[in-house]
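Spelled out, the chains give:
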Amino acid sequence: MRNVAIISVGYNDRFVAKRPDVNIPEMIQPAVANALKKTKMKHSDIGVVVEGNMPTFEGINYPHLWFSDHIGAAGKPVLRISTGGTTGMSVFHGGYYCVASGMFDVAMVIGWEKHDEGDAQVGLMGIVLPEAFSLFQFGPDMSGGRGGGMGLLGGGGSTGGASFQALSYLAKAKGTPEHIDKMAAQARSNAAKNPYAHLQHPNCTAADIAKTPMVSYPLRFGHTCPTSCGACVMILVAEEKVKKFADTDRVAWVKAVATASSDATTGNLIDGQINDPAEQAICEKIAAPKAYQLAGIQNPKKEIQMCEVYDGFAHQELMWPEKLHLVDNSCKAIDEGRLAIDGEMPVNPSGGVVSTNAIGASAMVRVAEASLQVMGMAEGGHQVPRRVKNALAHGWGGLFQFVTITIVGDEPVKR
Amino acid sequence: MQKEKKETRQVSDILDMSLLKWRIEADGLELLVQGFKEKKILGRKCHKCGMVYVPGPSYCRKCFIDIQDVVEVSKKGKIACYTVNLADVRGNPVDEISVAVQVKLDGSDSWMMGQLEIDDWKKVHVGMPAELILREETTGALADMVCFRPI
């Protein structure tokens, strides 16, 4: 297996709610150009393109049909990967496998979403409708009462599903909804320091978040992610080609990738649900230990200097660092300011998914942001002040059942 | 940073999903509602690892083997997690607040979803004992499940 470096990250522009001025190919193309601009390579040096977004969210099932020319894929292999929220990082892993395996020297990976052309809630409905519709065969209560089968899911669409996880997490961590307020406030404040973040709220406070309406207890509007438009592109290069193609001495080396999956947790109505959505053993006991083993990391709390976790909902920014063995109790840590950009374990200096969520890009943005931190190139004041030798990026997807992890560092692993 | 070009045109459409024909086994749900006729809560137990699922799938998700042993579990259990529905699927406030719960019934390893009947949602907590209430006259339908009530 070869070592692989991330030599460039490109965003199309700042992530925003609507881009009426461009279509999907036009939105993605500048991200490709921006990523290439920061290298010494020509487009023809790219060996393979791996791409992904959420199927059905824009109502277009094969979007790459329409933008293959805009990304310069003519004559090259194109792979499309989609795994729900983890899509962006699964796409990244796909590109990594292509280069690490020796099949290609250079891979370009693209994660994107253009939410203003579709409907995220309808896209999500397309995931659960067959299961929900099956209930109609078993005589649900259609009277609007509390009877079995109908009205079981929490309010606010996906927020309802996440709120089960949030309460289960809080019960275990002995936290309160106010801890989620604090975490969301930190995220939105961090986003204000990231020129590419969508919801920027300088100096946001927990009190600001607590004023937003409750959607599905304990989750408020201020705890939930927006729907954003944007694209993220990264260029991955084999170790022996780094000097030739990288335009910087500080590249981010991929030290480990790991992923694991489980049954659908929360929302499984027709087969008994066996997994607590806040337990996440697939992360804590499978993916995270595997990633640390591959990266040669013995003590993640000390050897990793920052993390970017997938926090579609603010309680997840508390939960995931615990499951990743980076923090013992996040509720205590946020109270003590230890998760801030200048804290001992900065969590989501970029503002995270709760501030910017172009879903197909979001898990890749976690790797991109972790890489920029290692390269010392995070713009606008969200660069972690101490030297980042190792950074961890995380994604989750499906019904809380997929987890992806990538560890990047300032030097390659000796294999 | 955004360039305000207004070059694209918006074309609206809806996706017609009426021709899709999803097939789902839902065998465990059938077992569950048939059990309601006799006011029993029925699930399936894995003969290898002993996991009890309610509703019970026809295979064990831990052992990946077919399972057929039917077991009855208690109507009583503990709230594993819950949420309070204060908004609809679009985030608009709802008129009637409801509490959705996932309950681990005694004798089952899985969680079952339902709604909790309670006067004040602020009294709900993880670990709270609750009981599944069935209609007085059951017919073998999901509607036989009236609600969960705190014990």
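Our structure is the block above this text.
Here is a short report on the structure shown in this document. In this text, all values refer to a predicted model and were calculated from it rather than measured experimentally. (Residues numbered from 1 in each chain as written. Chains lettered and ligands numbered in written order. Predicted model: local features only at pLDDT ≥ 70, side-chain atom pairs only at ≥ 80, totals over all residues. Heavy atoms only, no water.)

### A few points about the overall build of chain A
Point 1. A tally of regular secondary structure across chain A gives 13 helices and 11 strands.
Point 2. Relative to its length of 415 residues, chain A is compact, with a C-alpha radius of gyration of 20 Å against a globular reference of 22 Å.
Point 3. For chain A, the C-alpha atoms occupy an extent of roughly 65 × 50 × 40 Å along the three principal directions.
Point 4. Relative to its full complement of 415 residues, chain A shows a buried share of 63%.
Point 5. Relative to all contacts within chain A whose residues are 6 or more apart in sequence, the contacts with residues 24 or more apart total 80%.
Point 6. Surface exposure of chain A reaches about 14,200 Å², of which carbon and sulfur atoms provide 54%.
Point 7. Of the charged side chains in chain A, 37 are positive and 40 negative; the average position of the first set lies 6 Å away from that of the second. (Helix = DSSP H or I, 4+ residues; strand = E, 2+ residues; numbered from the N terminus. Rg over C-alpha atoms; globule rule 2.2 N^0.38 Å. Buried < 20%, exposed > 50% of the residue type's maximum accessible area, 1.4 Å probe, protein only. Contact = heavy atoms within 4.5 Å. Areas by Shrake-Rupley, 256 points an atom, 1.4 Å probe, with all protein chains shown as cover. Lys, Arg positive; Asp, Glu negative; His and termini not counted. Charge placed at Lys NZ, Arg CZ, Asp CG, Glu CD.)

### Looking at the sheet that holds strand S2 (residues 52-53) of chain B
All names here are of chain B.
Point 1. The strand order across the open sheet formed by 3 strands is S2-S1-S3, and the pairing between neighbours is antiparallel. For this open sheet the edge positions go to S2 and strand S3 (69-73), each flanked by a neighbour on one side alone.
Point 2. Of the strand pairs in this sheet, strand S1 (residues 41-45) and S3 are connected by 5 bridges, and their pairing is antiparallel. Across the sheet, Arg44 pairs through a bridge with Val70, a residue of S3.
Point 3. Docked against the sheet, helix H1 (residues 27-36) engages S1 and S3, running at close to 145 degrees with respect to S1. (Pairing = 2+ DSSP bridges. Axes fitted to C-alpha atoms, helices over the stretch in contact; angles between N-to-C directions.)

### Regarding the side chain of Gln165 of chain A
All names here are of chain A.
Point 1. Along the chain, the position of Gln165 falls in helix H5 (residues 158-173).
Point 2. Under the relative-accessibility criterion, Gln165 is labelled buried at 0%.
Point 3. Among residues more than four places away in sequence, those in contact with Gln165 are Pro277, Ala278, Gln280, His315, Gln316, Met319 and Phe400.

### Looking at unusual backbone geometry
Excluding glycine, residues mostly have negative phi values, and the peptide bonds linking residues are mostly trans.
Point 1. Here the residue pair Tyr217 of chain A and Pro218 of chain A is connected by a cis peptide bond, since its omega of 10 degrees sits within 30 degrees of zero.
Point 2. Within the element layout of this structure, Pro218 of chain A appears in the loop between strand S5 (214-217) and strand S6 (219-220).
Point 3. In this structure, the amide linkage connecting Val54 of chain B to the following residue, Pro55 of chain B, adopts the cis form with an omega of -10 degrees.
Point 4. Among the structural elements, Pro55 of chain B can be located in the loop between S2 and S3.

### Some points on the packing of H5 of chain A against helix H11 (residues 314-323) of chain A
Packed helices, taken two at a time, are described by their axes: the angle between them and the distance between them.
Residues and elements named next belong to chain A.
Point 1. Packing of H5 against H11 leaves a shortest axis separation of 10 Å and a crossing angle of 55 degrees. Looking at the two axes, H5 sits oblique to H11. Here the hand of the crossing between H5 and H11 comes out left-handed. Side by side, H5 and H11 meet where Ala162, Gln165, Ala166, Tyr169 and Ala173 of the first sit next to His315, Gln316, Leu318, Met319 and Glu322 of the second. (Parallel < 35°, antiparallel > 145°, perpendicular 65-115°, else oblique. Left-handed = near helix turned anticlockwise from the far one by under 90°.)

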